[in-house]
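Each chain, letter by letter, is given below.
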Amino acid sequence: MMFLKRLPQYVVALCLLTAFASAQYNSETVTEKSFENSSAFFESHFLNPYGLNTYRDLAVGFIRNPFLDIQQNPANLPKLENGRTHIYLDFRGDRNEEALVESFATPVYAGLDVATSYYYPIIDPRWYAVSRQEPEPVFSLGAMTYLTDPDKNPLLIGGSYQLVHRNDPFYQVPNYIYASRFGYSSALDEGAVVNQVPIIDRYSGSDELITQGHYFSGFLGYGLGSRVNLGLSLNAVVHDRDGIYRNASQDEFGSIDDWERFSDNSRERDQAYEHIDLSGGLRFQVSDASAFGIKAGVLNGRADQTFSSFDTSFYDYQSRGLDDNRSFNISGGNTSQSWERDGSTIYGRLHFDRHINDDATLRAQYRFSQSDVDLVNSSAISDTGYYESRWTYNTQSSEGFYEHFLSDVRSATGTREKTAHLGQVAIEWTLSRRSTLLTGINYMRSNTIINTIEPVIARQNTQSFYTWTYQGSQDTSQYVYRNFEDKTLDWNYESSQWSIQIPVLARFQVSKNWRLMLGVNRILRDWNIKEVTTARFRIRERTDRGTTSSETNFGERYTQPNQKLTEQSTDFISSVEAQISEKLRINLLVEPDFEEGIRFNQVWLTFQAEI
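Every chain is numbered independently, its residues counted from 1 as its sequence is written. Local features are withheld for residues below a pLDDT of 70 in this predicted model, meaning they are given only at 70 or higher, and side-chain atom pairs are given and counted only at 80 or more; totals for whole chains, interfaces and linings count all residues. As a convention, hydrogens and water are excluded, and side-chain values are obtained from all of the structure's heavy atoms.

Caption draft 1: Focus on the confidence of the model for the protein chain. As a per-residue measure, pLDDT tells how confident the predictor is, with possible values from 0 to 100. Of all residues in the protein chain, 83% have pLDDT values of 70 or greater, and the mean over the chain is 84. Across residues 99-119, where pLDDT falls below 50, the model places 54 contacts with residues more than four positions away in sequence or in other chains. Any two residues whose heavy atoms approach within 4.5 Å are treated as being in contact. Note on residues 188-204: pLDDT under 50 across the span, and 54 contacts to partners over four residues away in sequence or across chains.

Caption draft 2: Layout of the pattern of salt bridges. By definition, a salt bridge exists where a carboxyl oxygen of Asp or Glu is found within 4 Å of a side-chain nitrogen of Lys or Arg. Evaluation of the coordinates by the stated rule reveals 29 salt bridges. The shortest N-O distance in the salt bridge between Arg-166 and Asp-168 comes to 3.2 Å. Three exposure classes are used, based on accessible area relative to the maximum for each residue type with a 1.4 Å probe and protein chains only: buried under 20%, partly exposed in between, and exposed over 50%. A relative accessible area of 16% places Asp-168 in the buried class. One salt bridge in this structure joins Asp-288 and Arg-227, with 3.8 Å as the shortest N-O distance. Taken as a pair, Asp-288 in the loop between strand E8 (260-284) and strand E9 (290-316) and Arg-227 in the loop between strand E6 (203-224) and strand E7 (228-249) lie far apart in primary sequence, 61 residues in all. The class of Asp-288 is exposed, set by a relative accessible area of 72%. The network of salt bridges with common partners includes Glu-36, Arg-132, Glu-134, Arg-241 and Arg-269. Helix and strand labels come from DSSP, where a helix needs a run of H or I of at least four residues and a strand needs a run of E of at least two; each type is numbered from the N terminus.

Caption draft 3: Spotlight on a negative patch on the surface. A cluster of acidic residues, Asp-207, Glu-208, Asp-240, Asp-242, Glu-268, Asp-270 and Glu-274, forms a negative patch at the surface. Only E6, E7 and E8 provide two or more residues apiece to the negative patch. The greatest single-element share of the negative patch, amounting to 3 residues, is contributed by E8. Structurally, Glu-274 is set in strand E8. Its relative accessible area of 49% is what places Glu-274 among the partly exposed residues. Patches here: salt-bridge-free residues with over 30% relative accessible area, like charges joined within 9 Å, nonpolar side chains (Val, Leu, Ile, Met, Phe, Trp, Tyr) joined within 5 Å. Note on areas: Shrake-Rupley, 1.4 Å probe, and residue coverage restricted to the protein chains presented here. When charges are tallied, Lys and Arg are placed among the positive residues and Asp and Glu among the negative ones, while His and the ends of the chain are skipped. Where a charge lies is defined by one atom per residue type: Lys uses NZ, Arg uses CZ, Asp uses CG and Glu uses CD.

Caption draft 4: Focus on the packing of aromatic side chains. Between 30 and 60 degrees the pair is tilted, below 30 it is stacked and above 60 it is edge-to-face, where a pair is any two Phe, Tyr or Trp rings, Trp via its six-membered ring, whose centres lie within 6.5 Å. According to the stated counting rule, one finds 13 aromatic pairs in the structure shown. Ring centres of Phe-537 and Phe-554 lie 4.7 Å apart, and the angle between their planes is 5°; this geometry places the pair in the stacked category. Here Phe-537 is found in strand E16 (residues 514-544), whereas its partner Phe-554 is found in strand E17 (residues 547-579), with 17 residues between them in sequence. On the accessibility criterion, Phe-537 (2% relative accessible area) is buried. It is Arg-269 that lies over the ring of Phe-170; its NZ or CZ is 5.4 Å from the centre. By definition here, charges over rings are those cases where NZ of Lys or CZ of Arg is within 6 Å of the ring centre and within 35 degrees of the ring normal.

Caption draft 5: Structural context of the side chain of Arg-349. Structurally, Arg-349 can be placed in strand E11 (residues 334-355). The side chain of Arg-349 is buried and forms no salt bridge, while Asp-277, the nearest opposite charge, is found at 9.3 Å. Within the structure, the side chain of Arg-349 is placed 2.6 Å from the side chain of Gln-365, a separation counted as a polar contact. Among residues more than four places away in sequence, those in contact with Arg-349 are Val-60, Gln-71, Gln-72, Gly-293, Ile-294, Lys-295, Gln-365, Tyr-366 and Arg-367. Under the rule applied, a polar contact is a pair of N or O atoms within 3.5 Å (in protein, one hydrogen donor and one hydrogen acceptor; residues adjacent in sequence only if both atoms are side-chain atoms).

Caption draft 6: Structural detail: the nonpolar core. In this description, a nonpolar core means a group of buried Ala, Val, Leu, Ile, Met, Phe, Trp, Tyr and Cys residues linked to one another through side-chain atoms lying within 4.5 Å. Counting residues in hydrophobic clusters, the biggest one holds 35 residues, and the most contacted among them are Tyr-273 and Tyr-493. The contacts of Tyr-493, once residues within four sequence positions are left out, are Pro-125, Arg-126, Tyr-128, Ala-129, Thr-448, Ile-449, Ile-450, Asn-451, Ile-529, Lys-530 and Glu-531.

Caption draft 7: Summary view of a nonpolar patch on the surface. On the surface, Phe-91, Phe-508, Val-510, Trp-514, Leu-518, Val-576, Leu-588, Phe-594, Ile-598, Phe-600, Val-603 and Leu-605 cluster together to form a nonpolar patch covering roughly 1,100 Å² of accessible area. Sorting the residues of the nonpolar patch by element identifies E16 and strand E19 (599-610) as the ones contributing at least two each. Top element by residues in the nonpolar patch is E19. It accounts for 3 residues. Looking at the element boundaries, Phe-600 is found in strand E19.

Caption draft 8: Region of the structure containing the pairing of E17. The criterion for strand pairing is that DSSP finds at least two bridges linking the strands in question. When E16 meets E17, the two strands line up antiparallel, connected through 29 bridges. Directly across from Arg-536, in E17, lies its bridge partner Gly-555. The turn joining E16 and E17, which pair antiparallel and follow one another in sequence, is formed by 2 residues; a positive phi near 55° is taken by Arg-545. The loop that links E17 with its antiparallel partner strand E18 (residues 584-593) comprises 4 residues.

See below:
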């Protein structure tokens with residue numbers, strides 16, 4: 001009976017614990033942290049026949065290929081061996097690896113019971129720089145042709161198209177201001193009651209996330225005599241990702257003493273991105289053995305993302321009109337967020353080729369890029385909670401009331417800047433009539449800085465009232481908590497990254513019609529990440545247990561420890577090429593993985609024709 005006598009205190013304690021320990025409302029987290037930044041955003045995209053895993057970062061300028069040569073500099077006019085027209089087609093298997101968004105650990109927070117347990121994601125700080133790599137194209141198609149004699153003032157024209165389309169399960173972005181827990185308000189643990197009720201899902205809705213992208217390119221090259229070439233390239237990307245998660249259940253239709261439950265859980269995400277990328281280049285044949293080239297370009301793009309969630313819940317133990325035992329609950333939750341990105345990337349490349357002797361060629365290049373993107377974000381969050389209960393047994397009775405309210409409205413502006421440098425040296429060495437060795441070193445360094453200013457108006461209101469009657473005595477518990485904040489969040493994030501790659505590729509002419517390529521790439525990556533959030537309060541007013549305090553014009557700083565991350569890995573690549581005829585080649589490109597047995601991360605089938 002002691003438990004019954006102390007039941008009011010337990011109820012109030014439970015409400016307070018879930019109000020402040022659930023941590024699903026992160027008031028000092030800025031809206032920008034929930035933006036899902038893609039590797040395709042504000043970066044040049046092109047048809048890369050050797051874009052496997054890490055090789056895509058070093059293929060341009062390292063491996064000789066008509067489309068890679070054009071990407072290095074549209075003034076590079078490739079020499080076609082068996083005609084004036086080159087046609088390329090590939091079918092790609094997607095990467096068989098975890099995306100960054102799927103790799104977050106989610107340890108369990110142990111609450112009072114299973115109903116109050118919660119999952120806290122550990123956020124990888126690299127998320128804010130690049131959230132995810134996009135899936136591989138379903139197919140890639142490219143073509144180029146010489147309209148005039150390739151040996152006399154050649155005029156080259158060409159283009160490519162790639163289609164990306166993939167359907168994934170809907171996943172939650174791992175960082176958030178507010179993450180609703182289905183059937184719960186942010187301060188009310190309704191699950192302890194609701195979980196006693198058998199639930200039958202009458203409807204289970206969509207759970208999908210569709211990614212679709214269209215990548216276009218066109219290029220034009222012209223030779224001014226035997227020493228100077230001009231080139232122009234235009235690329236475009238149209239990329240969308242949208243999805244919905246919906247799950248709804250209805251009541252028990254009076255089958256178990258009129259216990260009822262109605263619920264609805266819906267989340268929607270939409271992301272749209274597009275850019276235009278224009279570049280031009282010059283190539284000079286300095287001598288019979290040496291050539292020098294320069295390329296410059298500008299990319300203008302825009303990205304928009306929205307997220308909305310609608311959650312509700314209804315529970316009724318018995319009709320509210322009855323005087324005997326009853327329990328009633330209304331939950332809520334509504335979030336609407338948007339992100340806008342508008343900016344540009346300027347870039348340039350210098351490259352140099354020299355034939356050292358009849359058996360060896362040296363290639364070197366340097367690339368620089370600078371991205372400047374303006375950010376505009378907004379977020380509106382509301383959460384409600386209402387709970388009422390009544391219990392009577394003989395002369396004992398209890399009656400409770402609970403109420404909760406949460407509102408958070410904010411908008412933000414900011415900038416995102418990224419600077420990247422790439423330096424590469426490669427040597428191609430002909431070992432014999434049937435074998436060639438290609439090796440070199442690739443160094444990349446980038447720095448990403450994100451700054452946002454986010455004004456916030458946040459309100460919270462929590463109150464509970466409980467009365468217990470036992471053997472003629474009455475005990476009453478009451479609690480009131482209110483919080484009002486008018487503040488501005490200043491978030492500063494900086495990620496510095498460098499990497500070194502040392503690739504080695506060996507090619508073998510096995511027979512007249514068969515070629516084999518084997519390669520290994522040793523990679524070292526290093527990140528140094530800094531993050532600081534400063535909250536500047538115009539006013540913070542709190543009421544707690546009958547005491548009201550008010551503070552004005554002060555600040556609080558939240559500094560994350562510097563994150564230093566390193567990765568070392570070794571990637572392999574292999575290909576088998578069949579020379580069907582002088583005009584047609586078929587190549588099977590494979591990226592094997594030997595960490596857990598033998599498996600293939602990617603498999604590509606390519607067709608190349610020259611006519």
